[in-house]
Amino acid sequence: MPRTFPEQPDFASTAEQVVWEHLVAQLPDAAAVIHGQRVIADGEEIEADLLVLWPGVGLAVIEVKGGRISLEQGRWMQSDRRGGHELSRSPIEQAQRAKHEILAYLNNASSRPIGRSVHLAVLPYTELPGDWDVPDAPRSITLDATDLPRLVDRIVAAMNTQSRDRYQPLDAAQRDHALKMLQRTHRAIENHQLLAQEIADAGNVLTREQERAISLLRFQHRAQITGGAGSGKTHLAMIKARTLARAGARTALLSYSRGLARHFQLLASAWPAEEQPAFVGLFHDLPVHWGAETEEQFEGTAVEYYEQHLPRRLAELAGDQDSSELFDAIVVDEAQDFADVWWKGLLPCLRDPDEGVLFVFTDEHQTVFDREGTAPITLNPFPLDDNLRNTRRIAQSFAPLTPIEQHARMDEGEPVRFVESAAEEAVTAADDAVEQLLEEGWEPGQIALLTTRSRHPEQKDRIEHFGFDGYWDEFFAAEDVFYGHVLNFKGLERPVVVLAINGFAAPERAPGMLYVGLSRARSLLVVVGDPGEIWDVGGDEVWHRISGR
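Residues numbered from 1 in each chain as written. Predicted model: local features only at pLDDT ≥ 70, side-chain atom pairs only at ≥ 80, totals over all residues. Heavy atoms only, no water.

Caption draft 1: Up close: the side chain of E334. Within the secondary structure layout, E334 lies in the loop between β13 (329-333) and α10 (340-346). Buried charge without a partner: E334 forms no salt bridge, and the closest opposite charge is K490, 4.4 Å away. Among the polar contacts made by the side chain of E334, one reaches the side chain of Q336 at a distance of 2.5 Å. Engagement of the side chain of E334 in a polar contact is seen with the backbone nitrogen of G491, the distance being 3.5 Å. (Helix = DSSP H or I, 4+ residues; strand = E, 2+ residues; numbered from the N terminus. Buried < 20%, exposed > 50% of the residue type's maximum accessible area, 1.4 Å probe, protein only. Lys, Arg positive; Asp, Glu negative; His and termini not counted. Salt bridge = Lys/Arg side-chain N within 4 Å of Asp/Glu carboxyl O. Polar contact = N/O pair within 3.5 Å; in protein donor to acceptor, adjacent residues only side chain to side chain.)

Here you go:
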């Protein structure tokens, strides 16, 4: 029998279970079948009822519709013993959208993209009329109860009809790569759904305090909220964007950090549809979303493309958009990363550039990129002075580096651990520290290893193998040790962080990078590096608090 994920699915309907059982009974051992596979595309959760990965054949996405399905004057109808209703979308259209997004996700980083694929609708309680002839739902991909005994043969026939001559079939290596990526993504979505529920918990005292803080600014159209690491800025940014969307404002939630943007997308996808911002993601993805050239199409350097070209193109493209595509409100997290030319590109995206809602969340001491910018807000910033993330001992280790004195609200926690190492050996020593943590009983998914200069070899391999979305979904799946860089980890956290201080590319940016690295751990911080370098960058007080010497 094929490999199945999960082994015992929680079916949404008997119809899904019936089709699943036929697939499992008919597919060969080499195939894999997934129930309820989800991916996030443009901040929206897309789900395939059933996904088949079949080496030698291809990839099949199946939409299952129970009850009696009929097409009446162009309207898809579903009826059962309780009555009938119109389907909001064609089941073929649903399957096609899911196939498109799953292939895009899988192929984004692959040197051997999956090509041969098909999308189908299976209607296990319907028998279609013999003269069925629907242009956008041909009989070859619209299967009914009579097709169930030979379901896999019908899948192969549809695959051969649609893409046999144009694409190579899936092979075992592609199957395994796809399974690994998709299962991590599925787990990342599940984790964010749990997080969304936790945030919604009325008993979450700290969350309620944060929500009261943001509610004080509800009559402000423009505000800058500033605070040190761990003060809850990212959570407040999400609350503000969600509140604006709930009130009917067309809202954009943006950041510069790729990992933070993915976090926003995964969490926003768990919110009710009416509370989801219209656009969630990277600042640089917005102009591409509106039709700007991709980096591959741009005739220039990557630095020119991201720092100058895309922000200027954003302003141009905003001027070409219909008013319905512009925003009533924009929320920016980690706004200290934005250059002036970025703000000039962003303001035209508001329907009212002068009075439109603009909320920015910033920590000026986390400015670790070589750019300067000032948010177009004239009011004094509103400060946040509580640390809600780190244990007191971790918070105290970076307290001398914070721009605003913070009140540590969490438990005292374990002492910060220091491992002495030369910069060139810090990564190897950090790997040893990770092994020790695993032996102590920490779960791999609780640990992140961050570097300050060159990236860990494992980080490079995972980005090359899985692409950026797959790499970050691995982090949010929280099933393995995560390897990252402090520059890409702002706004994020893990229970345990091993900070490998393997040098700094730019001395003037070193204090900010040290500050970011020290502030990412919630429960336990392990610092690996050269005492002299830490003292030079952080000063005597930081060195003393890290080392206890």
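Now that the structure has been shown, the text picks up again.
Caption draft 2: Representation of the nonpolar core. One finds F359, L518 and V527 to be the most contacted residues of the largest nonpolar core, which totals 66 residues. If we skip the residues at most four places from it in the chain, L518 touches I394, S397, F398, L401, L499, L525, V527, V542 and I546. (Core = buried A, V, L, I, M, F, W, Y, C linked by side-chain atoms within 4.5 Å. Contact = heavy atoms within 4.5 Å.)

Caption draft 3: Region of the structure containing the packing of aromatic side chains. Tallying each qualifying case throughout the model produces 20 aromatic pairs. Taking the centre distance of 5.8 Å and the plane angle of 65 degrees together, the rings of F11 and W20 count as edge-to-face. Their ring planes at 80 degrees and their centres at 4.8 Å tell us that Y305 and Y306 sit as a pair that is edge-to-face. Accessibility expressed as a relative area gives 2% for Y305, which makes it buried. Here Y306 falls in the partly exposed class, since its relative accessible area comes to 27%. An aromatic cluster of three or more residues is present, and its members are Y471, W472, F475, F476, F482 and F489. Its guanidinium or amino end placed over the ring of F359, K240 lies 4.3 Å from that ring's centre, counting from NZ or CZ. Positioned above the aromatic ring of F468, the side-chain terminus of R258 is 4.1 Å from the ring centre. (Phe/Tyr/Trp six-rings, centres within 6.5 Å; stacked < 30°, edge-to-face > 60°. Lys NZ or Arg CZ within 6 Å of the ring centre and 35° of its normal.)

Caption draft 4: Structural view of unusual backbone geometry. With an omega dihedral of -10 degrees, the bond running from F5 to P6 counts as a cis peptide bond. For P6, the location among the structural elements is in the loop between β1 (3-5) and α1 (14-26). With a phi angle near 50 degrees, Q73 is a residue other than glycine that sits in the positive phi range. Mapped onto the secondary structure, Q73 falls in the loop between β5 (68-72) and β6 (75-80). Here Q73 falls in the exposed class, since its relative accessible area comes to 82%. Of note in this structure, E334 is not a glycine but carries a positive phi near 55 degrees.

Caption draft 5: Seen up close, the packing of helix α14 (residues 510-518) against helix α15 (residues 531-547). Two numbers describe how α14 lies on α15: the axes approach to 11 Å, and their chain directions differ by 20 degrees. One way to sum up the angle between α14 and α15 is to call them roughly parallel. The handedness of the crossing between α14 and α15 is left-handed. Counting all contacts with α14, which are made through A510, P511, L514 and L518, the residues of α15 involved are V537, G538, V542 and I546. In terms of residue class, the contact of α14 with α15 is made up of 7 nonpolar, 1 polar and no charged. (Axes fitted to C-alpha atoms, helices over the stretch in contact; angles between N-to-C directions. Parallel < 35°, antiparallel > 145°, perpendicular 65-115°, else oblique. Left-handed = near helix turned anticlockwise from the far one by under 90°. Nonpolar A, V, L, I, M, F, W, Y, C, P; charged D, E, K, R; others polar.)

Caption draft 6: A look at the sheet that holds strand β9 (residues 142-144). If you walk across this open sheet you meet the 6 strands as β1-β2-β3-β4-β8-β9, and the pairing is mixed. Single-partner strands in this sheet number two, and they are β1 and β9. Here the average twist between neighbouring strands, direction ignored, is 35 degrees. Examined bridge by bridge, strand β3 (residues 44-54) and strand β4 (residues 58-64) share 5 bridges and lie antiparallel to one another. Within β4, the position partnered with W54 by the bridge is G58. (Pairing = 2+ DSSP bridges.)

Caption draft 7: The pairing of strand β8 (residues 117-123), seen in detail. Along β8, 7 of the 7 residues are buried, which leaves the element largely enclosed by surrounding structure. Residue alternation in β8 divides its side chains into two sets, S117, H119, A121 and L123 and V118, L120 and V122, and both sets are buried. Two strands pair when backbone bridges link them, and β4 and β8 are joined in this way by 6 bridges, in the parallel orientation. Note on β8: the bridge partner recorded for E63 is A121. By the bridge criterion, 3 bridges tie β8 to β9 in an arrangement that is parallel. From the neighbouring strand, A121 faces β9, where its bridge partner is T142.

Caption draft 8: A look at the environment of R313. Mapped onto the fold, R313 is located in helix α9 (residues 302-320). A sequence separation of 32 residues divides R313 from G345, and the C-alpha atoms of the two residues are 7.5 Å apart. Here R313 is in contact with G291, A292 and E293, once residues within four sequence places are set aside. For R313, the side chain forms a polar contact with the side chain of E316, separated by 2.9 Å.

Caption draft 9: Representation of a negative patch on the surface. Taken together, the side chains of E424, E425, D530 and D536 define an acidic patch exposed on the protein surface. With respect to the helices and strands, the residue E425 is situated in the loop between β18 (417-420) and α12 (426-440). (Patch = residues over 30% accessible without salt bridge, like charges linked within 9 Å, V, L, I, M, F, W, Y side chains within 5 Å. Areas by Shrake-Rupley, 256 points an atom, 1.4 Å probe, with all protein chains shown as cover. Charge placed at Lys NZ, Arg CZ, Asp CG, Glu CD.)

Caption draft 10: Summary view of α1. The end-to-end C-alpha separation of α1 is 19 Å, in line with the 18 Å expected for 13 residues at 1.5 Å each. Buried within α1 are the following residues: A15, E16, V18, V19, W20, L23 and V24. (Expected span 1.5 Å × (residues − 1).)

Caption draft 11: Region of the structure containing the pattern of salt bridges. In total, this model carries 34 salt bridges according to the counting rule given. The shortest N-O distance in the salt bridge between D469 and R262 comes to 3.9 Å. Pair noted here: D469 is in helix α13 (residues 457-477) and R262 is in helix α7 (residues 258-268), with a separation of 207 residues, a long-range link. Salt bridges sharing common partners tie together R139, D144, D147, R150 and R154.

Caption draft 12: Fine view of the environment of S269. Its location among the elements puts S269 in the loop between α7 and β12 (279-282). For the pair S269 and V280, spaced 11 residues apart in the sequence, the C-alpha separation amounts to 9.6 Å. With residues near it in sequence (within four places) discarded, S269 still touches I40, G43, E45 and Q276. Only 2.7 Å separates the side chain of S269 from the backbone oxygen of L266, close enough to count as a polar contact.

Caption draft 13: Main features of the side chain of Q336. Along the polypeptide, Q336 turns up in the loop between β13 and α10. Using a relative accessible area of 4% as the deciding quantity, one classes Q336 as buried.

No statement about biological role is implied by the geometric values presented.
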